[in-house]
Amino acid sequence: MSSATSQQAVTPSAASEIVAPEVRTLAERVFNQLQDAIVRGELAPGSKITEPGLSKTYGISRGPLREAMRRLEAHRLIERVPHVGARVVKLSIQELLELFDVREALESMAARLAAEHMTPAEIAGLRDVLALHERQSDLKSGEAYYQREGDLDFHYRIVQGSHNRMLMTLLCDDLYYLVRLYRTQFSASGARPQRAFVEHHRIVDAIEAGDAELAELLMRRHVSASRTNVVDRYAATLKQEAKL
Ligand SMILES: [Zn+2]
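These figures come from a predicted structure and were not determined experimentally.

A. Fine view of the pairing of strand 3 (residues 85–88). Direction of pairing for strand 1 (residues 48–49) relative to strand 3: antiparallel, over a ladder of two bridges. When the sheet's bridge partners are listed, Ile49 is paired in strand 3 with Ala86. Here four bridges tie strand 2 (residues 78–81) to strand 3, and the two strands are oriented antiparallel to one another. Each residue of the ladder has a partner; that of Arg80, found in strand 3, is Ala86. Taken together, strand 2 and the strand that follows it, strand 3, pair antiparallel across an intervening segment of three residues, in which His83 is found at a positive phi of about 65°.

Structure, rendered in structure tokens:
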């Protein structure tokens, strides 16, 4: 009995649950800053990150920093490499393809469920998000289609609209930031930003019409087109890096 209790006290997972509220708040802020820097590429994929370095940059103590790094790792944005330490995630092409396989299957499922379960108010909210995107200068010029995270992200809203908690956990929590990283850094090329915007409208139309089958099909094609685009650009980037 006593050995079970003492064992529980020293396991890392149990220790990480016991975090003081002020540490949690600081860690949350640092997590948000770091995830944004990683998603936008300010912290380059594959680059090494150290606790003393970050502690200096963000002016915070090791406790909250360690908690923030634990969250970044849980969200797959940093990985620990034996004998190297922590570094910003850098997927291989194969891993990126696997991520898109999962995205295609799960997001098309989410669109089907959204057509069945989204309320008129939620659909109106989705249209508001698209109206907001339409006013963005990067989209107007066709340069890029940047979507802010969470409620301002079309894909996030569809998953919420599925009303399926398991899907929400997988897509809006577990994989969300990793997918965002590749969407943000590698999706803008040619006519893709504006085409993606048009496709978003078609998906909402299908959801509003309650056409689950069409919503699913359109989302599958939409993510598939995004995959081709992202993977091509990522492959070109890796090739370029290999030359340097
Ligand atoms: Zn999209």
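B. Representation of the packing of helix 9 (residues 154–161) against helix 12 (residues 192–208) within the structure. At a minimum axis separation of 12 Å, helix 9 and helix 12 run at an interaxial angle of 15°. The orientation of helix 9 with respect to helix 12, classified from their angle, is roughly parallel. Seen along the crossing, helix 9 lies across helix 12 with a hand that is left-handed. Facing helix 9, whose interface residues are Phe154, His155 and Ile158, helix 12 presents His200, Ile203, Val204 and Ile207. Class assignment of the residues belonging to the contact of helix 9 with helix 12 gives a composition of five nonpolar, two polar and no charged.

C. Up close: the side chain of Arg180. Residue placement: Arg180 occurs in helix 11 (residues 176–186). Polar contacts involving the side chain of Arg180 include one to the side chain of Tyr146, which spans 3.2 Å. Not counting residues up to four positions away in its chain, the partners in contact with Arg180 are Val39, Tyr146, Gln147, Arg148, Glu149 and Asp153.

D. The arrangement of the UniProt feature "domain: HTH gntR-type" (unreviewed entry) in the protein in detail. As annotated in UniProt, the feature "domain: HTH gntR-type" (unreviewed entry) corresponds to residues 24–91 in the numbering used here. With 56% helix and 15% strand, residues 24–91 has its two end C-alpha atoms placed 29 Å apart.

E. View of the nonpolar core. Leu96, Phe154, Ile158, Tyr182 and Ile207 are the most contacted members of the largest nonpolar core, which has 63 residues in total. For this core, the element with the highest residue contribution is helix 6 (residues 93–117), accounting for nine residues. Once residues lying within four places of it in the same chain are set aside, the contact partners of Leu96 are Leu91, Tyr182, Val230, Val231 and Tyr234.

F. Here's a closer look at the pattern of salt bridges. Here the structure, examined in full by the defined rule, presents 20 salt bridges. The partner of Glu67 in a salt bridge is Arg71, with the nearest N and O atoms 3.5 Å apart. Pair noted here: Glu67 and Arg71 are both in helix 5 (residues 62–74), with a separation of four residues, about one helical turn. The pair formed by Glu67 and Arg71 is uniform in burial state, with each residue classed as buried. Of the charged contacts in the structure, one is a salt bridge between Arg127 and Asp205, with a shortest N-O distance of 2.9 Å. With Arg127 in helix 7 (residues 120–134) and Asp205 in helix 12, this pair connects stretches of sequence that are 78 residues apart. Its relative accessible area of 26% is what places Arg127 among the partly exposed residues. The exposure class assigned to Asp205 is partly exposed, which follows from its relative accessible area of 40%. Members of the salt-bridge network, linked through shared partners, are Glu28, Glu67, Arg70 and Arg71.

Here is what the cut-offs are and how they apply
Residues numbered from 1 in each chain as written. Predicted model: local features only at pLDDT ≥ 70, side-chain atom pairs only at ≥ 80, totals over all residues. Heavy atoms only, no water. Pairing = 2+ DSSP bridges. Helix = DSSP H or I, 4+ residues; strand = E, 2+ residues; numbered from the N terminus. Axes fitted to C-alpha atoms, helices over the stretch in contact; angles between N-to-C directions. Parallel < 35°, antiparallel > 145°, perpendicular 65-115°, else oblique. Left-handed = near helix turned anticlockwise from the far one by under 90°. Contact = heavy atoms within 4.5 Å. Nonpolar A, V, L, I, M, F, W, Y, C, P; charged D, E, K, R; others polar. Polar contact = N/O pair within 3.5 Å; in protein donor to acceptor, adjacent residues only side chain to side chain. UniProt positions renumbered as here; feature names shortened; annotations may be inferred. Core = buried A, V, L, I, M, F, W, Y, C linked by side-chain atoms within 4.5 Å. Buried < 20%, exposed > 50% of the residue type's maximum accessible area, 1.4 Å probe, protein only. Salt bridge = Lys/Arg side-chain N within 4 Å of Asp/Glu carboxyl O.

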